Amino acid sequence: NFRSSEEKATTVASNKISTMSMGGHPTGIRAIELSSDDALACTVSKNTTKIWNVEKRSCIQSVAPSVNNMSCYGLCTVFLPGNTHLVLGTREGHLLVLDIAAGDVVHIEENAHDGAIWSIDMRRPTSQQPAVALVTGSADKTVKFWELETQEDSSAPMLVHSRTLEMSDDVIAVRYSHSTDPTKRMVFVSTLDSTIKVFFDDTLKFFLSLYGHKLPALAIDASDDDVILASSGADKTIKIWGLDFGDTHRTLHGHE
């Protein structure tokens, strides 16, 4: 190819006119939670917690929470009523309350557990029990219950430990049932021995043990009438249980 001296002197310049970024996580996402109005989503990874606008598919807040200037490894999260704050459980055993709009940690329950907090769930307020409560499950073999109170010097929420349920194995997942009757509400606890145990929330009295998974159940949830429970296990199966007698109604295969 032959070029004239004029062609050789020509240079190409580029100008950036706009940028669009989705701001994803640098590491694997450990938990995802929707706000009660489905307007916001929270995603949790190793050192980053992100809040997303669901409709716009955009990241509106990115937080790198820390305790004593040490970054925290987030594992689970839940939105609090009003969707202005969320609670984050970490591998270090801390519980953090985050202000979503400001992106600040407004309360730290340091060493809430002596091990990783694998799971967290919220008891929704009802007419009989207007107070909000949380339950957490940890590798320290305990299930802990927390009441939500308001800090004296601010309007920010804080967590107050109320009860502890001792287990014989690491707790992998915890979940409240959906009953609004305090005497019928249950707490489901999945442990490292591959069983799911059911307790009554008001007395913590043992009710059922569900046996059948070959590896621990990683996620659990009851139907809204508390008749059946669904569990997904590390054994690659989903099981449907009856909560009257703890029998397996069906085992679903398909995931590899």
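To keep things clear, this report deals only with the structure shown in the data block. (Residues numbered from 1 in each chain as written. Predicted model: local features only at pLDDT ≥ 70, side-chain atom pairs only at ≥ 80, totals over all residues. Heavy atoms only, no water.)

The four strands are arranged β19-β20-β21-β22 in an open sheet whose pairing can be described as antiparallel. Looking at the sheet topology across the chains shown, the edges are occupied by β19 (217-222) and β22 (248-252). Mean inter-strand twist for the sheet, computed between neighbouring axes without regard to direction, equals 15°. Where strand β21 (residues 238-242) lies against β22, four bridges are found, and the strand directions are antiparallel. Bridging from a neighbouring strand, Ile238 pairs with Leu252 of β22. (Pairing = 2+ DSSP bridges. Helix = DSSP H or I, 4+ residues; strand = E, 2+ residues; numbered from the N terminus. Axes fitted to C-alpha atoms, helices over the stretch in contact; angles between N-to-C directions.)

Within the open sheet, the four strands sit side by side as β11-β12-β13-β14. Their pairing is antiparallel. Edge positions in the sheet fall to β11 (117-123) and β14 (157-166), since each of these pairs with one other strand and no more. In this sheet, adjacent strand axes meet at a mean angle of 25° when their direction is disregarded. Two elements, strand β13 (residues 142-150) and β14, share nine bridges in a ladder whose sense is antiparallel. Its bridge partner lying in β14, Glu149 is registered against Met158.

With that out of the way, let us pick up the pairing of strand β12 (residues 133-138). The element β12 is extensively covered by neighbouring structure, given that six of its six residues are classed as buried. Here β12 shows no split at all, with Ala133, Val135 and Gly137 on one side and Leu134, Thr136 and Ser138 on the other all buried. Two elements, β12 and β13, share five bridges in a ladder whose sense is antiparallel. In the sheet register, Leu134 faces β13, and the bridge partner there is Trp146. Where β12 hands over to β13, the hairpin turn is made up of three residues, of which Lys141 adopts a positive phi near 70°. (Buried < 20%, exposed > 50% of the residue type's maximum accessible area, 1.4 Å probe, protein only.)

Attention now goes to the pattern of salt bridges. Should the charged atoms of two oppositely charged side chains come close, the side chains can pair. Following the criterion strictly, the structure yields six salt bridges and no others. The closest approach of N and O atoms between Arg175 and Asp121, which form a salt bridge, is 3.9 Å. Taken together, the residues span a long stretch of sequence, with Arg175 in strand β15 (residues 171-176) and Asp121 in strand β11 at a distance of 54 residues. Judged by relative accessible area, Asp121 falls into the buried class, the value being 10%. Put simply, Arg123, Arg163, Arg185 and Asp201 are held in one network by salt bridges that share partners. (Salt bridge = Lys/Arg side-chain N within 4 Å of Asp/Glu carboxyl O.)

Let's shift gears to the environment of Phe245. The residue Phe245 is located in the loop between β21 and β22 in this model. The class for Phe245 is exposed, based on a relative accessible area of 71%. The spacing of Phe245 and His94 is 151 residues in sequence and 36 Å in space, taken between C-alpha atoms.

Quick look at the packing of aromatic side chains now. Ring pairs (aromatic) are described by centroid distance and by the angle formed between their planes. Scanning the entire structure with this criterion turns up two aromatic pairs. Ring centres 5.8 Å apart and planes at 70° place the aromatic pair Phe199 and Phe206 in the edge-to-face group. When the ring of Phe200 is compared with that of Phe207, the centres are 5.1 Å apart and the planes differ by 45°; the resulting orientation is tilted. Residue Phe200 is classed as partly exposed on the basis of its relative accessible area of 22%. (Phe/Tyr/Trp six-rings, centres within 6.5 Å; stacked < 30°, edge-to-face > 60°.)

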